[in-house]
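In case you want the letters, here they are:
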Amino acid sequence: MNADCWSVIKASECDVDLEYFTPLSLCSRSRRTGQYNVQRGKAAGAALGSSSGKAPYQRCSSQDSLDEQAMVDYFKEVEIIQRSGDAETQEDLQLKVADEGEQEEAWLMEAGLATLFDESASDGEDGIVLLSTLTRTQAAAVERRVETLKQTLRKRNKPYSVPDVREIFKPSPASQSKDEAGSTERSGSSKQEVEGLGMLGNGAGPDAPGGGADSETDINLEVSFSEQALIYKEGLKVTQPQNEADDRLPDFKVSQDKTGQTRVGDLSDEDMKKVRRLVLIEMSALFDTCGIEVKAHKALKVKVRESGLFGVSLSTLLEQDQRRIPGTKVPLILQHLISHIEEQGLDTEGVLRIPGAATRVKAVCHELEHKFYESMFPWESLKQHDAASLLKLFIRELPYPLLTVEYFNAFISVLKLPTKKQQLQALNLLLLLLPEPNRDTLKALMEFFQRVIDHKDRNKMTLNNVAVVMAPNIFMCKGFRSKISEQQEFAMATGTANIVRLLVRYQNLLWTIPKFILNQVRKQNMENQRKMNRDRAVKKLLKMMYDRERASNKQESNAEGGFIRVQAPQFSMVSMAVQLTEDLKASDVLTRFLSQESDSRRDDLCLYEMGGNIKERCLDEETYIKALLELNPTAEWVIKSVQH
């Protein structure tokens, strides 16, 4: 087995902060005082369980909080990892935080704003359009980093061309015109909008369903998270933060949005690029607003295997797999391990918690490396607990952390945010920032963990039990424990387990794109169209735009006449007219289509919103077409096959 596959985070550079982790009774006499009494050596081992591996207590079944008993499995898992064959020693790889100035440059480049410090950058026009759509808190995040970069360059006596922040956000004459007056929330209008919405989510007022006393559990996706945090910080909310919020997981809910929910994978690559840039700015603005500094590590460069299964990067694995099965988004080895565990039955007590035999797991790992792609591996002989151990080994042996080196500290810092709602919002943004292979693989794992939890009455694996067992496998990079004290380790145990709890518990909310981000993408696309229309030198482009506008106007008049034209170029019925009503949903359009196209399966089809102010968007079946038409009046409607 290849041991050259771990990354190490040096404790002094990880900025581990004990303050925001819930201390354990095992190592703390008081939550309030924060005085730790760390048990060491054999005494600590005895406190965690007997040598037989059985805990001297009844396993915790609570879904609401982590306590001393529930955390015993965490440290047992750590001990198993240490004893396993993949814990071979190797030279530590030290991660470094980028120097001041260097970090700001990298951030601006990733946000598509390199032109703010490099006039030769190619993102000039796109950057200007992006800036025009920012909220006041997002703009403040950009200003802060530009100003820091400017001061750093000045200290180094280096020549620089960083503009004055006042020039960056100086309104242009065009942006002051009536038709563009609503393109930014950077003025006080953001504050008024949040107050008007009552922070209740998607326009619900105090007397609306989901309003009033339940507002703490309503997720507002229409207003920037950082704007909501600012209003909260300024004291406009009546309810104050509760320090004990970590002890419970509320039932958060999102009010129905008639324009539909947008999940990861629903948008075109071009629009997702815009989403990612906006999300980076928004995430930074959220942490800035809450006074939390997050230092990103430099990208890690390590020697990794170029083929195989374990210790291979996700990108390499997917390249291998896609040559065999085009469109694969989650490594095949992981898919097979999950399927095998489920086929053996999720009612097995201690699934994921009870380890397989170490020597047998090593042998199976070696056999998989040689036989998996040849379809010669004897899956019928693989024991369930061995398969679970292999799944955890696969995660640990990734050469780059599943949560990435760049955003590892940000994930850890989520628990510094004052409310569960803000923690959830930050996780939502961080997941959208992950590279696609990492995001898809993490999603597959969280869905699997939930299926395990669904059988908790028989397998005794509650949300807490799964979280504490999987947290060290997801968060502990190789060599990490050798770089932190026992005191820090105890504190991080509950912190990382709580993050895994949030990822599993709220996965249906986390892998979605907030509406305010999508609206900003729409504004960028509209502004880009305006700029293209103003460039009269490009005659051919103008003609194309004119033809498109005529076609769109024709569709709009059809809608006004009570019908929309739905295209289905991949199928025998190329198009059909659908009567537009207040209650018409995307699901109704698909039902109408399937009634005439019997050879197609509903699960394989999606109604797409295309053109206008969006490139392409697969619609949630609960989307109301008329409401969406008001948001994007020149959109076209296309039914296409989707790849699962």
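Note that the structure is a prediction, hence the values are computed from the model and not measured.

S.K.: Would you mind going over the environment of Glu-102 in detail, with residue names and values included?
M.R.: Among the secondary structure elements, Glu-102 is positioned in helix H4 (residues 102-110). When the C-alpha atoms of Glu-102 and Leu-153 are compared, they prove to be 10.0 Å apart, with 51 residues separating the residues in sequence.

S.K.: Describe unusual backbone geometry, and please don't skip the residues or the numbers.
M.R.: The phi torsion at Thr-404 lies on the positive side, around 70 degrees, for a residue other than glycine. Position of Thr-404 relative to the elements: it lies in the loop between helix H14 (384-396) and helix H15 (405-413). Backbone geometry places Lys-460, a non-glycine residue, at a positive phi of 60 degrees. Among the secondary structure elements, Lys-460 is positioned in the loop between helix H18 (456-459) and helix H19 (463-475). By relative accessible area, which is 38% here, Lys-460 ends up partly exposed.

S.K.: Which residues make up the pattern of salt bridges, and what are the values?
M.R.: What the rule picks out here adds up to 24 salt bridges. In this structure, Lys-515 and Asp-257 form a salt bridge, with 3.3 Å as the shortest nitrogen-oxygen distance. Of this pair, Lys-515 sits in helix H22 (residues 515-534) while Asp-257 sits in the loop between strand S2 (253-254) and helix H10 (269-289); the two residues are 258 residues apart in sequence, bridging distant segments of the chain. Here Lys-515 matches Asp-257 in class, with each residue buried. The residue Asp-271 makes a salt bridge to Lys-274 at a minimum N-O spacing of 3.9 Å. Highlighted residues: Asp-271 and Lys-274, both in helix H10, separated by three residues, approximately one helical turn.

S.K.: Just give me the short version of the pairing of strand S5 (residues 605-611), but keep the residues and values in it.
M.R.: Burial within S5 is extensive, with six of its seven residues counted as buried. As paired elements, S5 and strand S7 (residues 636-641) share six bridges and run antiparallel to each other. Paired with Cys-606 across the two strands is Lys-640, which belongs to S7. Pairing analysis gives four bridges linking S5 to strand S6 (residues 614-618), with the strands arranged antiparallel. The partner of Tyr-608 across the bridge, within S6, is Cys-618. The loop that links S5 with its antiparallel partner S6 comprises two residues; one of these, Gly-612, has a positive phi angle of about 75 degrees.

S.K.: Now, about the packing of aromatic side chains: what can you tell me, with residues and values included?
M.R.: Counting across every chain of the model gives 10 aromatic pairs. Between Phe-408 and Phe-475, the ring centres sit 6.0 Å apart and the planes meet at 65 degrees, which makes this aromatic pair edge-to-face. One end of the pair, Phe-408, is in helix H15; the other, Phe-475, is in helix H19, with 67 residues separating them in the sequence. We classify Phe-475 as buried; its relative accessible area is 2%.

S.K.: Lay out the state of the cysteines in plain terms, naming residues and giving numbers.
M.R.: As enumerated under the stated definition, the model contains one disulfide in all. Here Cys-606 engages in a disulfide with Cys-618; their sulfurs sit 1.9 Å apart. In this structure the cystine formed by Cys-606 and Cys-618 twists about its S-S bond by roughly 120 degrees; its chirality is therefore right-handed. Here Cys-606 is found in strand S5, whereas its partner Cys-618 is found in strand S6, with 12 residues between them in sequence. With a relative accessible area of 3%, Cys-606 lands in the buried category.

S.K.: Give me the sheet that holds S7: which residues, what numbers.
M.R.: Pairing within the open sheet is mixed, and its five strands lie in the order S4-S3-S7-S5-S6. For this open sheet the edge positions go to strand S4 (575-579) and S6, each flanked by a neighbour on one side alone. For this sheet the average axis-to-axis angle between neighbouring strands, irrespective of direction, equals 30 degrees. Bridge count between strand S3 (residues 563-567) and S4: five bridges; the pairing is antiparallel. Each bridged residue has a counterpart across the sheet, and for Phe-563 the counterpart in S4 is Gln-579. The sheet strands contacting helix H24 (residues 586-594) are S3, S4, S5 and S7, and the helix crosses S5 at an angle near 120 degrees.

S.K.: Run through the nonpolar core, naming residues and quoting values.
M.R.: Ranked by size, the top nonpolar core spans 125 residues in total, and within it Val-142, Leu-368, Leu-390 and Leu-391 carry the most contacts. The residues touching Leu-368, leaving out its near neighbours within four places in the chain, are Leu-309, Phe-310, Ile-333, Phe-377, Trp-379 and Leu-390. Ranked by size, the runner-up nonpolar core spans 23 residues in total, among them Ile-564, Ala-568, Leu-590 and Leu-605.

S.K.: Lay out the confidence of the model for the protein in plain terms, naming residues and giving numbers.
M.R.: Of all residues in the protein, 68% have pLDDT values of 70 or greater, and the mean over the chain is 77. Overall, residues 172-214 carries pLDDT values under 50, and its contacts beyond four positions in sequence, including any with other chains, amount to 74 contacts. Counted against residues more than four places away or in other chains, residues 238-247, with its pLDDT under 50, gives 16 contacts.

S.K.: Got a sec to walk through the packing of helix H6 (residues 136-155) against H10? Specific residues and values, please.
M.R.: In contact at an axis separation of 8 Å, H6 and H10 are set at 85 degrees when each is read in the N-to-C sense. By the angle between their axes, H6 is roughly perpendicular relative to H10. Residues Thr-137, Gln-138, Ala-141, Val-142, Arg-144 and Arg-145 of H6 touch H10, and the partners they reach there are Ile-281, Glu-282, Ser-284, Ala-285, Asp-288 and Thr-289. Of the residues assigned to the contact of H6 with H10, the class counts are four nonpolar, four polar and four charged.

S.K.: Any details on the pairing of S3? Residues and values, ideally.
M.R.: Only one face of S3 is covered, namely the face carrying Ile-564 and Val-566; the face carrying Phe-563, Arg-565 and Gln-567 is uncovered. As defined by bridge partners, S3 adjoins S7 across two bridges and the pair is classed as parallel. Bridge pairing in S7 links Val-566 to Trp-637.

S.K.: How would you sum up the side chain of Asp-321? Please name residues and give values.
M.R.: Structurally, the position occupied by Asp-321 is in helix H11 (residues 314-324). Of the side chains bearing the opposite charge, Arg-324 lies closest to the buried Asp-321, which forms no salt bridge; the N-O distance is 5.3 Å. Looking at Asp-321, its side chain comes within polar contact range of the main-chain nitrogen of Leu-332, at 2.8 Å. At 2.6 Å, the side chain of Asp-321 and the side chain of Tyr-373 are in polar contact.

S.K.: Could you give an account of helix H12 (residues 332-343), naming the residues involved and the relevant values?
M.R.: The terminal C-alpha atoms of H12, which comprises 12 residues, lie 16 Å apart, in line with the 16 Å expected from a rise of 1.5 Å per residue. Among the residues of H12, those classed as buried are Leu-332, Ile-333, Leu-334, Leu-337, Ile-338, His-340 and Ile-341. Packing partners of the buried residues in H12 comprise H11, helix H13 (358-371), H14 and helix H17 (436-453).

What counts as what
Residues numbered from 1 in each chain as written. Predicted model: local features only at pLDDT ≥ 70, side-chain atom pairs only at ≥ 80, totals over all residues. Heavy atoms only, no water. Helix = DSSP H or I, 4+ residues; strand = E, 2+ residues; numbered from the N terminus. Buried < 20%, exposed > 50% of the residue type's maximum accessible area, 1.4 Å probe, protein only. Salt bridge = Lys/Arg side-chain N within 4 Å of Asp/Glu carboxyl O. Pairing = 2+ DSSP bridges. Phe/Tyr/Trp six-rings, centres within 6.5 Å; stacked < 30°, edge-to-face > 60°. Disulfide = S-S within 2.5 Å. Axes fitted to C-alpha atoms, helices over the stretch in contact; angles between N-to-C directions. Contact = heavy atoms within 4.5 Å. Core = buried A, V, L, I, M, F, W, Y, C linked by side-chain atoms within 4.5 Å. pLDDT = per-residue confidence, 0-100. Parallel < 35°, antiparallel > 145°, perpendicular 65-115°, else oblique. Nonpolar A, V, L, I, M, F, W, Y, C, P; charged D, E, K, R; others polar. Lys, Arg positive; Asp, Glu negative; His and termini not counted. Polar contact = N/O pair within 3.5 Å; in protein donor to acceptor, adjacent residues only side chain to side chain. Expected span 1.5 Å × (residues − 1).

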